[in-house]
Amino acid sequence: MQTKKYSSYAQIDRELEILKVEKEISYQKLVLSVQKTKKSFSFLNITSNVVDTVKSTFFSSYGTILRLVIPIIIKWFRNKKRGN
């Protein structure tokens, strides 16, 4: 990083004010990030994520199994009605 050269105290004050605002913005971003992290670790959120994961895993597998098994069950019932 190059050394800046200032020709007046007003320029220095302006640069310090800019740095102060940038520092405050960074701090507020950090605070918001911590709040979001806390919220993501709440009991309700974790429970919801676990339920969603289990549900999507189970139902995707369950749906595949049903698509395979239902035609077999229908054939079995048809054959049973016919007496085969």
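Residues numbered from 1 in each chain as written. Predicted model: local features only at pLDDT ≥ 70, side-chain atom pairs only at ≥ 80, totals over all residues. Heavy atoms only, no water.

This paragraph deals with the overall build of the chain. Each helix and strand counted, the chain has two helices and zero strands in total. Relative to its length of 84 residues, the chain is extended, with a C-alpha radius of gyration of 32 Å against a globular reference of 12 Å. Based on the C-alpha atoms only, the size of the chain along its principal axes is roughly 105 × 30 × 15 Å. Sorting the 84 residues of the chain into buried and exposed places 1% on the buried side. Carbon and sulfur atoms make up 64% of the accessible area of the chain, which amounts to about 8,400 Å² in all. Here the chain holds 16 positive side-chain charges and 6 negative ones, and the gap between their average locations is 30 Å. (Helix = DSSP H or I, 4+ residues; strand = E, 2+ residues; numbered from the N terminus. Rg over C-alpha atoms; globule rule 2.2 N^0.38 Å. Buried < 20%, exposed > 50% of the residue type's maximum accessible area, 1.4 Å probe, protein only. Areas by Shrake-Rupley, 256 points an atom, 1.4 Å probe, with all protein chains shown as cover. Lys, Arg positive; Asp, Glu negative; His and termini not counted. Charge placed at Lys NZ, Arg CZ, Asp CG, Glu CD.)

All right, on to the packing of aromatic side chains then. Two measures describe an aromatic ring pair: the distance that separates the ring centres and the angle between the ring planes. Counted according to the given criterion, the structure contains one aromatic pair. Judged by centre distance (5.0 Å) and plane angle (70°), the ring pair of Trp76 and Phe77 falls under edge-to-face. (Phe/Tyr/Trp six-rings, centres within 6.5 Å; stacked < 30°, edge-to-face > 60°.)

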